[in-house]
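Residues per chain, in single letters:
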Amino acid sequence: MSDKNLAVLFKSAVIDSHAYHVPDASGFIKLDAMENPYSLNDEFKQLWFDALNHVEINRYPDAFLKELVTSIRSTFNIPIEAGLVFGNGSDELIQILLIALRSNAKVMSPVPTFVMYQYLSNMLGLRFIGVPLNEDFSLNIPLMLEEINEHQPEIIFLAWPNNPTGIAYPKEELIQIIQASVGLVIIDEAYNAFADDSMLDAIKDYPNAMVMRTLSKLGLAGLRLGFLAGDQSLISELEKVRMPYNIGTLNQLTVSLVCKHIDILYKQTELIRQQRNVMLNQLQQLETVEVWTSNTNFILFRVTDHSANEIHEALLENKILIKNVSMAHPLLKGCLRVTIGTENENKTFVNVLKSILRS
Ligand SMILES: *Cc1c(COP(=O)(O)O)cnc(C)c1O
């Protein structure tokens, strides 16, 4: 090994950043990452294993993603006039979008929000402009419009509903932003399965708006598949950035099969929605907890007479893992984010939280 510091070869944005932290969750009740706690049933698994028998893993995947495109279009009712590009998770789509932008482009998002928009912007040397939300995590529309006007960002990311707040902004506000923007506006609908509305049907009216979805929160986080729908001419450019084989044969096959049995997942997400409302109700009863209604499969709450770190640590001691977001942004002071798990996991979480708050 050379004793020279070879790390100096890298961008300072890389050297100065921390790798995205994923805690080891073995042995824990895992309520930190917005996963669907249920798995696919045995009947599906049998069909799946049978289909795998025919896979030619020695060949490159279908570069045209033919079956995948057909399945996704019909399952998610993608408007016929919209084009589609696929990513290895929507994280990769964010990366593809940012790589495609002209140099010195500006990236804007209301904050706090999904961290990858800023993280990937930094890595690619793009300027990220975060526009603070209001204290109640609603959009500060006058400020957004002012910042858009001043910076004319090439791209705006709007997580809708937002992570980590769980809030879905009024649709009219999204449209105001789209209309005020000369750049692209990406509506990130990662939590669509738990929300009540979509912008998918509206994109044909707004050529600069695109809708991004992922199968992760729906129940296939381990698979990695995201898609972006929008104006065909934009999609054609993004297709040049996408690596031809980014979606492996096993992913293509599995997603196409899941699409045929999508009701399995929709039943699970319906259960998760019900459980979310149960937990919301229980947390709202707690005097020293401030809680926000959620259009997602997680709940953001603030503890008012303990520190968030204390609560997070005490939960860890009880083998429960949630996400401490209190340090992620000043507006999130005292806040923690819990993912909805199974009924039993949720019960355990609420009971342990109550006992911690009493101590
Ligand atoms: C989880 C999440 C994603 C990333 O999803 P993957 O498809 O798993 O990469 C994107 N956007 C938001 C807002 C998310 O919360």
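Computed from a predicted structure; not experimentally measured. (Residues numbered from 1 in each chain as written. Predicted model: local features only at pLDDT ≥ 70, side-chain atom pairs only at ≥ 80, totals over all residues. Heavy atoms only, no water.)

**Thoughts on the site of the ligand**
Filter applied, for reference: By convention in this text, a residue qualifies as near a molecule or strand provided that one of its non-hydrogen atoms is within 4 Å of it. Identification of polar contacts relies on pairs of N or O atoms within 3.5 Å, with a donor-acceptor requirement for protein atoms, meaning one able to donate a hydrogen and the other able to accept it, and with residues adjacent in sequence counted only if both atoms are side-chain atoms. Accessible areas in this description were obtained via Shrake-Rupley with a 1.4 Å probe; residue shielding takes into account the shown protein chains only. A pocket, in this scheme, is an open set of points on a 1 Å grid over the protein atoms alone with protein on both sides within 12 Å along at least 5 of 7 lines, while a cavity is a set where a 1.4 Å probe fits but cannot get out; residues line either one if an atom lies within 4 Å of a point. Being in a pocket or cavity means that more than half of the molecule's atoms lie within 2 Å of its grid points.
The immediate surroundings of the ligand are formed by 13 residues, with Asp-188, Tyr-191, Thr-214, Ser-216 and Lys-217 found nearest. In this structure, a nitrogen atom belonging to the ligand sits 2.6 Å away from a side-chain N or O atom of Asp-188. Between an oxygen atom of the ligand and a side-chain N or O atom of Tyr-191, the distance comes to 2.6 Å. If the ligand stood free it would expose 390 Å²; the protein chains cover 94% of that surface. Spatially, the ligand is embedded in the largest pocket.

**Looking at the layout of surface pockets**
We count it as follows: Grid points are joined across faces, edges and corners, and a volume is the space filled by probe spheres set on the points. Under the DSSP-based scheme used, a helix requires at least four consecutive residues in state H or I and a strand at least two consecutive residues in state E, with every element numbered from the N terminus. Under the grouping applied here, Gly and all other residues not named as nonpolar or charged are polar, the nonpolar ones being Ala, Val, Leu, Ile, Met, Phe, Trp, Tyr, Cys and Pro and the charged ones Asp, Glu, Lys and Arg.
Taken as a whole, the largest pocket spans an internal volume of roughly 1,500 Å³. Tyr-20, Phe-114, Val-115, Met-116 and Lys-323 are, among the 49 residues lining the largest pocket, the residues nearest its centre. Of all the elements, helix H5 (residues 116–123) adds the most residues to the lining of the largest pocket, at five residues. Residue composition of the lining of the largest pocket, by class: 26 nonpolar, 14 polar and nine charged. Within this model, the second largest pocket holds a volume of roughly 360 Å³.

**Let's talk about the domain arrangement of the protein chain**
Using the following cut-off: These domain boundaries are the output of an automatic or database domain assignment. The contact criterion used is simple: two residues touch if any of their non-hydrogen atoms lie within 4.5 Å. In this description, buried area is defined as the sum, over both parts, of the accessible area (probe of 1.4 Å) that is lost when the two are combined. When a carboxyl oxygen of Asp or Glu is within 4 Å of a side-chain nitrogen of Lys or Arg, the pair counts as a salt bridge.
Domain assignment breaks the protein chain into domain 1 (5–41 + 264–358) and domain 2 (55–261). Using only C-alpha atoms to locate each centre, domain 1 and domain 2 end up separated by 23 Å. With 33 residues of domain 1 at the interface, the matching set in domain 2 holds 37 residues. Counting each side, the surface lost to burial between domain 1 and domain 2 is near 2,800 Å², with a carbon and sulfur contribution of 65%. The interface formed by domain 1 and domain 2 holds one salt bridge in total.

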